[in-house]
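Analysis of the macromolecular model
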Amino acid sequence: MNNETNKFNLFNFLSYLKNKEIYYLILFIILSIFNSFLELISIASIIPILDIFFNQGSFTQEYFSFLNISSFTDINLFTVIIILIIFFVIKYAVSFLFQFLLIKFTSDIQFRIENTIYKIILSQNYNFFLEKNTSTLLRDIQNCSIAFPRIVNSIITIFSEMLLIFLLSLLLIFYVGKEIAFVAIFFIPLIFLFLKLTKNFVTKIGTSLHNFSKSKIESIKSSLDGILEVKVFKIEPNIKSIFEKYSFNTINSLMKVNQIQILPRYILELSLILMLILTAYLMRLNDVSTEKIFTFIALLMATAFRVMPSMSKIINSFQMINFHSPAMPSLISYLNFKTYKRRNSRSYNFQSIEFSNVEYKYPTSNNIIFKKINFKLLKNSKIAISGKSGSGKTTFIKLLVGLLQPTHGTIKINNRINNHNNDNLNIKISYVPQSVYLFDDTIMNNILMSSKKKIDYKKFDKIIKITLLNDFINSSKKNIKTFIGENGSRVSGGQRQRIGIARALYNNPDLLILDE
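Residues numbered from 1 in each chain as written. Predicted model: local features only at pLDDT ≥ 70, side-chain atom pairs only at ≥ 80, totals over all residues. Heavy atoms only, no water.

Quick look at the overall build of the protein
Stated precisely, the cut-off is as follows: Only DSSP runs of H or I with at least four residues qualify as helices, and only runs of E with at least two residues qualify as strands; both kinds are numbered from the N terminus onward. Per-residue accessibility, obtained with a 1.4 Å probe over protein chains only, is compared with the maximum for each type, and a residue is labelled buried under 20%, exposed over 50%, and partly exposed between these values. Two residues form a contact once any of their heavy atoms are found within 4.5 Å. For every accessible area listed, the method is Shrake-Rupley and the probe measures 1.4 Å; residues are considered covered only by the protein chains on display.
Of regular secondary structure, the protein possesses 16 helices and 6 strands. When each of the 516 residues of the protein is scored for burial, the buried share is 41%. Counted over contacts in the protein with a minimum sequence separation of 6, partners at least 24 positions apart contribute 78%. With the model as given, the accessible surface of the protein reaches about 30,200 Å², and the carbon-plus-sulfur share is 61%.

Regarding helix H14 (residues 457-466)
One turn of an α-helix holds 3.6 residues; hence residues three or four places apart share an orientation. Put simply, the rule is: Note: the arc covers the axis-to-C-beta directions of the helix.
Considered for burial, the residues of H14 that qualify are Phe460, Ile463 and Ile464. With its buried residues spanning 105° around the axis, H14 presents them on a single face. Facing away from the buried side of H14 by more than 90 degrees, the exposed set consists of Lys458, Lys462, Lys465 and Ile466. Looking at the buried side of H14, the elements it contacts are helix H13 (443-448), helix H15 (470-475) and helix H16 (493-506). Leucine 468 sits one or two residues past H14 and shows a positive phi near 60°.

With respect to the packing of aromatic side chains
We count it as follows: Note on aromatic contacts: the rings of Phe and Tyr and the six-membered ring of Trp form a pair at centre separations within 6.5 Å, being stacked when their planes are under 30 degrees apart, edge-to-face when over 60 apart, and tilted otherwise.
On inspection of all chains with the given rule, the structure shows 15 aromatic pairs. Judged by centre distance (5.9 Å) and plane angle (85°), the rings of phenylalanine 355 and phenylalanine 375 are edge-to-face. Residue phenylalanine 355 is located in strand E1 (residues 352-360), and its partner phenylalanine 375 is located in strand E2 (residues 370-378); the two are separated by 20 residues in the primary sequence. Residue class for phenylalanine 375 comes out buried when judged on its relative accessible area of 19%.

Let's talk about H16
Put simply, the test is: One fewer than the residue count of a helix, multiplied by 1.5 Å, yields its expected span.
For H16, built from 14 residues, the straight-helix expectation of 20 Å at 1.5 Å per residue is met to within 8% by its first-to-last C-alpha distance of 20 Å. Along H16, the residues classified as buried are Gln495, Arg496, Ile499, Gly500, Ala502, Arg503, Ala504 and Tyr506. The secondary structure elements touched by the buried residues of H16 are strand E5 (429-432), H13, H14, H15 and strand E6 (511-514).

So, the environment of serine 36
Along the polypeptide, serine 36 turns up in helix H1 (residues 19-44). You can call serine 36 buried: its relative accessible area is 4%. As for serine 36 and isoleucine 165, which are separated by 129 residues in sequence, their C-alpha atoms are 8.7 Å apart. Residues within four places of serine 36 in sequence aside, it is in contact with Ser160, Leu163, Leu164 and Leu167.

Digging into the pattern of salt bridges
Any two side chains of opposite charge can pair, given that their charged atoms come close. Using the following cut-off: A pairing counts as a salt bridge when a side-chain nitrogen of Lys or Arg comes within 4 Å of a carboxyl oxygen of Asp or Glu.
Scanning all chains against the criterion turns up 6 salt bridges. The salt bridge partner of glutamate 161 is lysine 313, with a shortest N-O separation of 3.8 Å. With glutamate 161 in helix H6 (residues 134-176) and lysine 313 in helix H10 (residues 290-324), this residue pair connects regions lying 152 residues apart in the sequence. Judged by its relative accessible area of 6%, glutamate 161 is buried.

Comments concerning the nonpolar core
What counts is decided by this rule: Here, nonpolar core refers to any group of buried Ala, Val, Leu, Ile, Met, Phe, Trp, Tyr and Cys residues whose side-chain atoms link them within 4.5 Å.
Ranked by size, the top nonpolar core spans 30 residues in total, and within it Ile117, Phe148 and Ile156 carry the most contacts. Sorting the residues of this core by element identifies H1, helix H4 (77-123), H6 and helix H11 (328-335) as the ones contributing at least two each. The residues touching isoleucine 156, leaving out its near neighbours within four places in the chain, are Leu25, Phe28, Phe98, Leu102 and Phe105.

Let's talk about the side chain of arginine 112
Here arginine 112 shows up in helix H4. Discounting residues that sit within four places of it in the chain, arginine 112 has contacts with Tyr16, Leu17, Lys18, Glu21 and Phe148.

Some details on the packing of H14 against H16
Rule in force here: Geometry is summarised by axes, namely lines fitted to C-alpha atoms with helices restricted to the contacting stretch, and by angles between N-to-C directions that run from 0 to 180 degrees. Under this scheme an angle from 65 to 115 degrees is roughly perpendicular, one under 35 degrees roughly parallel, and one over 145 degrees roughly antiparallel; angles in between are oblique. Note on convention: near helix rotated counterclockwise from far helix by under a right angle means a left-handed crossing. Clockwise means right-handed.
For the pair H14 and H16, interaxial distance at closest approach is 9 Å and the crossing angle is 140°. Overall, the two elements H14 and H16 adopt an arrangement that is oblique. The element H14 and its partner H16 pack so that their crossing is right-handed. Facing Lys459, Phe460, Ile463 and Ile466 of H14, the residues of H16 in contact are Ala502, Leu505 and Tyr506.

A few points about the environment of valine 202
Mapping valine 202 onto the fold places it in helix H7 (residues 179-225). Judged by its relative accessible area of 2%, valine 202 is buried. For the pair valine 202 and methionine 320, spaced 118 residues apart in sequence, the C-alpha to C-alpha distance is 8.4 Å.

What about a nonpolar patch on the surface?
Put simply, the rule is: Patch criteria: residues need more than 30% relative accessible area and no salt bridge. Like-charged residues are merged within 9 Å; nonpolar side chains of Val, Leu, Ile, Met, Phe, Trp and Tyr are merged within 5 Å.
Together, Ile81, Ile82, Ile85, Ile86, Val89 and Ile90 give the surface a local cluster of nonpolar side chains, amounting to about 510 Å² of exposed area. Among the secondary structure elements, isoleucine 86 is positioned in helix H4.

Digging into the confidence of the model for the protein
The test is simple: On a scale of 0 to 100, pLDDT captures the predictor's confidence in every residue.
Averaged over the protein, the pLDDT score is 78; the fraction of residues at 70 or greater is 80%. Of all secondary-structure elements in the protein, the lowest mean pLDDT belongs to helix H3 (residues 58-63), at 50, while H14 reaches the highest, 89. The model gives residues 1-6 a pLDDT under 50, and that stretch makes 10 contacts with residues more than four places away or in other chains. Confidence over residues 422-427 falls short of pLDDT 50; this stretch has 22 contacts with residues more than four positions distant or in other chains.

So, unusual backbone geometry
You will see that asparagine 357, though not glycine, has its phi angle at about 50°, which is positive. Here asparagine 357 shows up in strand E1.

Overview of the environment of threonine 442
Note the cut-off: Counting of polar contacts relies on pairs of N or O atoms within 3.5 Å, with two restrictions inside protein: one atom must be capable of donating a hydrogen and the other of accepting it, and residues adjacent in sequence are counted only when both atoms are side-chain atoms.
Along the chain, threonine 442 falls in the loop between E5 and H13. A relative accessible area of 6% places threonine 442 in the buried class. Sequence separation between threonine 442 and isoleucine 480 is 38 residues; the distance between their C-alpha atoms is 6.7 Å. There is a polar contact of 3.1 Å between the side chain of threonine 442 and the backbone nitrogen of asparagine 445.

Laid out in structure tokens, this is it:
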């Protein structure tokens, strides 16, 4: 993976969104602006309301003389209350709608990314899976699908909360005047200084967590896949110590991020106290009346009540972006992968498969397994391939099936060169490997392999008898709908092989391959 090529650029995040998602993003921008103005009006109304209730509106009339209201005492207080109730219902409804749609938006992105990565992985050729660690793939499917939507959520949150803070700052400047400018000069850089100091630390933790999660998944997967050997050889203590190591590192990374995230609250509260003290002091120096100072303090408290959560959200959003950015190169890498779309299977009449001067070596090895193999397999013929363990019999079968492509030479089907990627032959060839993989599903579904075609029960029953599965099925409580457990954990080795053979025969193959 080329980290430079796949480096995540925050300013290019739009390129990873679909057109429909960009339209939703524009909708969120509009809702953010509308919601911010509603917040502004709600806080701006505090001074007029307090002044009308307690000072007969004399102070408010000074600021809102352009409304040409002779006296605010003439305003019906009941009418004001009704208007306020309606306004705040609308405000909170818009806020709820914004958050509701945002959660759905990011959840839809997570669903799309998760399924896109999974489809891309499944579309890769067999060599891809020989070179990749399963734990890495599991980690990437999980982490990448979580990281990108959270980054998108953070960007939207930063925009909406910064807009709100900007409007509220203008409101304070309108009411308080130049005194607030000094406070802002002190207050705002403090937040950005905190972000600057913690950026590298949070990014480093995110990178560590991304790596540790892969190792943790690998330790869990390997121990559960090999539970038989773990129990027989009594190596549970060793397995536990390996898991504890990666579990500790993973949880420790999350703990550090959580500890960093609670710090802004205390910085903001300290800044608020300093802001109130400095503002009151500056207003006192300018001979502002005590009555006005208390009114302004009420406004500042109301503003701070709304601004503090906004600042916390902004800080946490920046940290969330830094934390999840290490997973983005993996996502970009997958999105740049070439996908192999399965073509419709040909309906030709199978006659022969021919190997001409075929050579093969695995991509990760310089050892040539086969040298200039010439071989022809005709329809209705029966052959056996024997050789010592490790001589390449299974590799030969993978070439025959189309999972692997020859390093040199050609493979012909009906005397035509075949560049198949297991596409042309997937319905014509059935393969029973050395170790048959069984899904955590019913006996019937394991044989049918979730085929979308109409079930041929007559053929199904015939195959059950041929493979001697009828006694096993009849003795099972739910007959063919009996679940056989994860990877066939509830069936014997012989029953596993019979299910594998039944699966191969039901496919009505032109070529049946039995690997030992």
